[in-house]
Amino acid sequence: MPEGRDSGSERADVTQLWQGMVAVGRLRHPRTHLALIVVLGVLGAVCLLATITRMSALPLLPLLPLSVAAYAQWRARNASSDRNLVAWVTLLATSVAVCIWLVALVGRILR
């Protein structure tokens, strides 16, 4: 443990971090949610175009985590408590990460 820091200040730092995450996820501005939906839509369109250009069904694999991400974004927008909001935003971020990983994996396979 670094000198000058006790568990109370570390707990306060973690609390501030979680409050910051909740504040970012709590943004009710329609443009933020619209931007997230547009990004998810572009990723879905890339998967569909890759299916057509590669003549393979393999690029459709990332659509499943992408649909989970879209559902999580919708639920995060309507979250009733901070705990639910953090859970839905975490699921959203994880699903997008898995989707991008699958896009890279399919790209390597079809190379």
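This one's a predicted model, so the numbers in the text were calculated from it and none came from an experiment. Counting of residues starts from 1 at the beginning of each chain's written sequence and follows it residue by residue. Since the coordinates come from a predicted model, pLDDT governs what is reported: local features require at least 70, and pairs of side-chain atoms require 80 or more to be given and counted, while whole-chain, interface and lining totals use all residues. Just so you know, side-chain values use all the structure's heavy atoms and leave hydrogens and water out.

**Q** An account of helix α2 (residues 30-54) is needed here, citing residue identities and associated values.
**A** Here α2 contains 25 residues, and its C-alpha end-to-end distance of 36 Å stays within 8% of the 36 Å for a straight helix at 1.5 Å per residue. Buried residues are those whose accessible area, probed at 1.4 Å on protein chains only, stays under 20% of the maximum for their type, while exposed residues exceed 50% and partly exposed ones sit between those limits. Under the scheme used here, helices are H or I runs from DSSP no shorter than 4 residues and strands are E runs no shorter than 2 residues, and both carry numbers assigned from the N terminus. When we look at burial in α2, the residues that qualify are His33, Leu40, Gly44, Cys47 and Thr51. Where the residues of α2 are buried, they touch α3 (63-77) and α4 (82-109). For a helix, the expected span equals 1.5 Å multiplied by the number of residues minus one. Here, two residues are considered to be in contact whenever any of their heavy atoms come within 4.5 Å of each other.

**Q** How would you summarise the side chain of threonine 51 if you had to cite specific residues and measurements?
**A** Considering the arrangement of structural elements, one finds threonine 51 in helix α2. Exposure remark for threonine 51: the relative accessible area of 17% places this residue in the buried category. Look past the residues within four positions of threonine 51 in its chain and what remains in contact with it is Ser56, Ala57, Pro59 and Leu60.

**Q** Before we move on, could you go through the packing of aromatic side chains and cite the residues and values that matter?
**A** Each Phe, Tyr or Trp ring (for Trp, its six-membered ring) is paired with any other whose centre lies within 6.5 Å, and the angle between the two planes then decides the class: stacked below 30 degrees, edge-to-face above 60, tilted in between. With the rule as written, the count across this model stands at two aromatic pairs. Plain terms: the ring middles of tyrosine 71 and tryptophan 74 are 5.9 Å apart, the flat faces sit at 40 degrees to each other, and that makes the pair tilted. Of the two residues, tyrosine 71 and tryptophan 74 are both situated in helix α3; the distance of three residues between them amounts to about one turn of the helix. The class of tyrosine 71 is partly exposed, set by a relative accessible area of 42%. When its relative accessible area of 49% is taken as the criterion, tryptophan 74 is described as partly exposed. Their ring planes at 85 degrees and their centres at 5.7 Å tell us that tyrosine 71 and tryptophan 88 sit as a pair that is edge-to-face. Taken as a pair, tyrosine 71 in helix α3 and tryptophan 88 in helix α4 lie far apart in primary sequence, 17 residues in all. Taken together, the aromatic side chains of Tyr71, Trp74 and Trp88 make up a single cluster linked through ring pairs.

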